[in-house]
Amino acid sequence: MKLFLFATISLLFTIQVYAQTNVTITGNIADKETKSVLSYCSVALFKSSDSTLVNGVLAGEHGIFKFENIPADQYYIEAQYIGYHKLFLSLPEIKAGQSLVRLPTILLEADARTLREIDVKAERQTVENKIDRQVYRADKFLNSQGGTAIDVLKNTPSVTVNSEGDIRMRGSSGFLVLINGKPVQTDPALILNQIPANTIENIEVITSPSARFDPDGKAGIINITTKAALPGSRSFSANAQGGLPAIYTYHNLHNPVRFGGDATFSLQSEKWDFNVSGSYLRNDIAGRRTGDVNTTIHSIFTSFPSDGERSFIRENYTIRSSIAFKPNIYNTFSAGIYKGYRSQSRRADIVYHNTKTDLSNGDIVGRITYFNSNVARKSSDIMLGNLDYVHIFTNKSSLTLSGLAENADLDGLTTNINLDEPKRQIVLQKTKNPSTNPLNAYRLKADYAIEIGKGKLETGYQYRNQVQKGNFQYQDLDHDSGYYVIVPQFSSNTKVINRIQSVYGQYSAKPGKLEYIAGLRYEYSTRAFTAGKQPVRDLYLSNIFPSLNLQYKWSESLVAKAGYSKRVQRSTNSELNPFPEREHSETLESGDPDILPELIDLTEIGVVKDFKKGSVFATLYNQRIKNVVNRVNSVYNDTILNRIYTNAGLATSWGLEAGTTFNVNRWWQWYAGGNVYRYKIKGSLFDKNVNVNTSSVVYSINANTTFKVSPTFQLQWTVSYLSKRVTAQGEDSRFIVPTATAKKTFLKGRLAATLQWQNIDLGLLGTNRQRITTFGKDFFTTTNYIQETDIFLLNISYNLNQASKKARLPSSEFGEKEF
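Predicted model only: the values in this text are computed from it and were never measured.

How each quantity is defined
Residues numbered from 1 in each chain as written. Predicted model: local features only at pLDDT ≥ 70, side-chain atom pairs only at ≥ 80, totals over all residues. Heavy atoms only, no water. Helix = DSSP H or I, 4+ residues; strand = E, 2+ residues; numbered from the N terminus. Rg over C-alpha atoms; globule rule 2.2 N^0.38 Å. Buried < 20%, exposed > 50% of the residue type's maximum accessible area, 1.4 Å probe, protein only. Contact = heavy atoms within 4.5 Å. Areas by Shrake-Rupley, 256 points an atom, 1.4 Å probe, with all protein chains shown as cover. Lys, Arg positive; Asp, Glu negative; His and termini not counted. Charge placed at Lys NZ, Arg CZ, Asp CG, Glu CD. Pairing = 2+ DSSP bridges. Axes fitted to C-alpha atoms, helices over the stretch in contact; angles between N-to-C directions. pLDDT = per-residue confidence, 0-100. 1 Å grid on protein atoms, 1.4 Å probe; cavity = no way out; pocket = protein on both sides within 12 Å on 5 of 7 lines; lining within 4 Å. Points joined across faces, edges and corners; volume = space filled by probe spheres on them. Nonpolar A, V, L, I, M, F, W, Y, C, P; charged D, E, K, R; others polar. Salt bridge = Lys/Arg side-chain N within 4 Å of Asp/Glu carboxyl O. Core = buried A, V, L, I, M, F, W, Y, C linked by side-chain atoms within 4.5 Å. Patch = residues over 30% accessible without salt bridge, like charges linked within 9 Å, V, L, I, M, F, W, Y side chains within 5 Å.

## Digging into the overall build of the protein
- When you go through the protein residue by residue, the secondary structure sums to five helices and 51 strands.
- Relative to the globule expectation of 28 Å for 819 residues, the C-alpha radius of gyration of the protein, 30 Å, shows essentially globular dimensions.
- Seen along its three principal axes, the alpha-carbon backbone of the protein occupies a region of about 110 × 60 × 55 Å.
- Each of the 819 residues in the protein was classed as buried or not, and the buried ones make up 51%.
- Summarising the internal contacts of the protein: among those between residues at least 6 apart in sequence, 67% fall at separations of at least 24.
- When the accessible area of the protein is evaluated, it comes to approximately 37500 Å², of which 57% is carbon and sulfur surface.
- Across the protein, 93 positive and 75 negative side-chain charges occur, with their mean positions spaced 4 Å apart.

What follows is the structure, given as structure tokens:
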């Protein structure tokens, strides 16, 4: 009803305006010195009496602009174009009876200082620091070309990825992912592994989010902005990738296959903005693992060392399209759709040597050697859709109505077979674990923004609904009948429903050298969880999430900033499910149906210093996590460990993050980022039966150096290093991944060939391998994951952009890029 009244009032207002107006104002924009036209310049028309915005347009390809149906009054024009001084022009009074007002050519004067800055920054800026985030240019990281968003993120100081693909932001595994500002509720790793790196413009690491963002994600937010056409242009790009034959295959069952490609077409005119892209990637990796596990139960010591293949077959494809229509300055309609599919098959063909020893007398009471083939296939089929409407009022305030729907089909099938060794002809055990875990979610939101005083007030309301159902089965082969039988002990059905309503308000301003954003968000949420035939467990939460960002410009080259944000990390289906799942011969995994969400306080303070040949930033941060969730191991039986998710008390993290870009000269550039933090957890588990009090210092380094051998040829060397990390019950060893890249461009930059040497090792560095160790009073487990090294990939890219040279600079201040 409210939307209907709003639409009716808008229609009556429009009819009234059109009834009173019939004047057209037209003119053209050109460079003052060269007299060449300025295509797609931003031109706005204001009332002289109160500076009310009447209309705003982009000039056409030939620099011509037009305002239609303008009532009689006194007006002025504001014209702006990046690289030129802004110009204000008072118009002759528009009188009743006039039909056409033709203005003389408006000449803009080039800003030499700005043009110099643009030229310099385009060469040197890998990272841009803003009040609440760091923005990284994806094309600066040559090692990520042909890969996914994960490969871009690996280069930032805030993010680390270990050998198992575990993504952490400032040491925390929980963070929210946005695509062009639109939130995604699916597991971040799934969506980040789907998005092609070649379609990414920037990666924004938002470490101190303001109140207008969802409070989800204990470490903050990662926003991915994708490439789009410039105003008034068409663009097309295509990329193809192929992998050279593997140097090391580790005697795996299948040799790894690597190839892929992606293409993007964009079109933007004065009223329309259209984009469509698609990608495919096959990116297998060979490898092996060696491990040792032992348990002690009633004086029986069981040891089962193992060794064998551990490889991955990985396949992705994505399709994305968006369209926006802007009939006039007051209204913008946009819609978008994204579909991404990812499948991964992990093969672990392992030989186990199982020995049982009686500790009371040292006698061996049992011994068996067997072959275990465990293949875990997982797939994610994600569909996102959005519909948005933006209305700009004459007082420059704006109303945005948005709807977003998400569907994610998450399926899995693990097959497990134990055979006698070495003949491998007798089946000792055969099982399979089919699972489905679909997620369906939607959100509706309304946002209003208005300029008050020297700042902007933003407020809004949002409703979120999220439903995730899980069906997990454990099926054991009955050797007599030949049929699989469901084992109820390891099978379950789950359902979790989250409903969240929130309102927020925030005010931002930039008085003098100070810039600030202060906000408050209130959220009321309900969670209903059902597992099997157990009663529904309801959780009701009412929380306030304050945020504050400050930035002070001490000088043209020195900026200080500080931020505070309160966050929440909501529990997943896996963390809630009390029934044990057995997806591997060595482990069970279960959760806690009464687990509480983690509540996090994020605080940071930092400085940014620009100097002649680069810049440097440093940020001191603190994370305080209440109800921290830990995965704890215990002994289930002599050969199986039980992993349980549960709240473990309070965790704190103090860290320092720093980064720099340094231009040694015109042909040699350095970029480096690092993060060091001390993580401490103190609390208890299992009704205070197990005390937890552990801490560790972890550091990581991501760096590259680029040599521009010629204007069309450059070399880049990259290294990512993650130090040893102490966990709640063990430690993870260090992890290092060096990469070298050579890039050659042709046809004035339109065609590019890139050769990548990934995971450089040469048998010397211990690259792309990590040992993970866990222990307790009655168990010990250690596994060394060894993944493929010295991988060579060739990428060919072609970019066609029909925009003129001038069209590379302008950007309209009106409208908003949507998903």
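## As for the sheet that holds strand β2 (residues 42–47)
- Taking strand neighbours across the sheet as the criterion, the four strands line up as β3-β2-β5-β6 in an open arrangement whose pairing is antiparallel. The two strands at the open ends of the sheet, each matched to only one other strand, are β3 (53–58) and β6 (87–90). Each strand axis lies, on average, 20° off the axis of its neighbour in the sheet, ignoring direction.

## Considering the confidence of the model for the protein
- With 91% of its residues at a pLDDT of 70 or more, the protein shows a mean pLDDT of 85.
- Per-element mean pLDDT across the protein ranges from 43 in helix α1 (residues 2–20) up to 95 in strand β32 (residues 514–531).
- When the criterion is pLDDT under 50, residues 115–124 qualifies, and its contacts beyond four places in sequence or with other chains add up to 18 contacts.
- Long-range and interchain partners of residues 802–819, a stretch whose pLDDT sits below 50, account for 56 contacts in this model, where long-range means more than four residues apart.

## Concerning empty space enclosed by the protein
- In the structure shown here, the tally under the stated rule is 13 cavities of 30 Å³ or more.
- Lining the second largest cavity are 17 residues, and of these G146, G147, D262, Y280 and L281 sit closest to its centre.
- For the lining of the second largest cavity, the secondary structure elements donating two or more residues are β17 (234–243), β18 (258–268) and β19 (272–283).
- Tallied by class, residues from the lining of the second largest cavity come to four nonpolar, twelve polar and one charged.

## Digging into the sheet that holds strand β16 (residues 221–226)
- Strand order in the open sheet formed by six strands is β9-β10-β15-β16-β13-β14, and the pairing between neighbours is mixed. In this open sheet, the two strands that pair with only one neighbour each are β9 (127–129) and β14 (182–184). Going across the sheet, the axis of each strand differs from the next one's by a mean of 25°, ignoring polarity.
- Sheet analysis places β9 next to strand β10 (residues 133–137), joined by three bridges and oriented antiparallel. Bridging from a neighbouring strand, E128 pairs with V135 of β10.

## Points about the pattern of salt bridges
- If you walk through the whole model with that rule in mind, you get 26 salt bridges.
- Here R570 and D216 are joined by a salt bridge, their closest N and O atoms 2.7 Å apart. Taken together, the positions of R570 in the loop between β34 (558–569) and α5 (573–576) and D216 in the loop between β15 (200–206) and β16 put the pair 354 residues apart, joining distant regions of the chain.
- Residue classification places D216 among the buried positions, given a relative accessible area of 8%.

## Focus: the side chain of D447
- Looking at the secondary structure, you find D447 in strand β27 (residues 439–452).
- Take D447: its relative accessible area is 14%, and that puts it in the buried class.

## A look at unusual backbone geometry
- In this structure, P422 follows E421 across a cis peptide bond, with omega equal to 15°.
- When you line up the elements, P422 lands in the loop between β25 (398–420) and β26 (427–436).
- Phi at R170 is positive, roughly 55°, even though this residue is not glycine.
- By secondary structure assignment, the location of R170 is in the loop between β12 (167–169) and β13 (176–179).
- Look at H251: it is not a glycine, yet its phi comes out positive at around 55°.
- Here H251 lies in the loop between β17 and β18.

## Thoughts on the nonpolar core
- Counting 37 residues, the largest nonpolar core has I191, L192, I195, I200, I203, I222 and I224 as the members making the most contacts within it.
- By residue number, the principal contributor to this core is helix α3 (residues 149–153), which donates four residues.
- Look past the residues within four positions of I224 in its chain and what remains in contact with it is A149, L178, I179, N180, L192, I195, I200, N202 and I203.
- If you look at the next biggest cluster of nonpolar residues, it comprises 24 residues, including V23, L45, V54 and I106.

## Comments concerning a nonpolar patch on the surface
- A surface patch of nonpolar side chains, about 740 Å² in accessible area, is lined by I605, L620, W654, L656, V676, V697, Y699 and I701.
- For the nonpolar patch, the elements supplying multiple residues, two or more each, are β41 (650–665) and β43 (690–710).
- Among the elements that make up the nonpolar patch, the one with the highest residue count is β43 (three residues).
- In this structure, L620 sits in strand β38 (residues 614–626).
- On the basis of relative accessibility, which here comes to 41%, the residue L620 falls in the partly exposed class.

## Here we look at the pairing of β13
- Burial along β13 is two-sided: L176 and L178 and V177 and I179, pointing in opposite directions, are all buried.
- Relative to β16, β13 runs parallel, the two being bridged by four bridges. Bridging across to β16, V177 finds its partner in I222.
- Where β13 folds back on β14, the antiparallel hairpin that results is connected by two residues, among which N180 adopts a positive phi of roughly 55°.

## Things to note about the pairing of β19
- Two elements, β18 and β19, share eleven bridges in a ladder whose sense is antiparallel. The partner of F259 across the bridge, within β19, is R282.
- Following β18, the chain reverses through three residues before pairing antiparallel with β19.
- Two elements, β19 and strand β22 (residues 306–328), share eleven bridges in a ladder whose sense is antiparallel. The residue of β22 that forms the bridge with F274 is I323.

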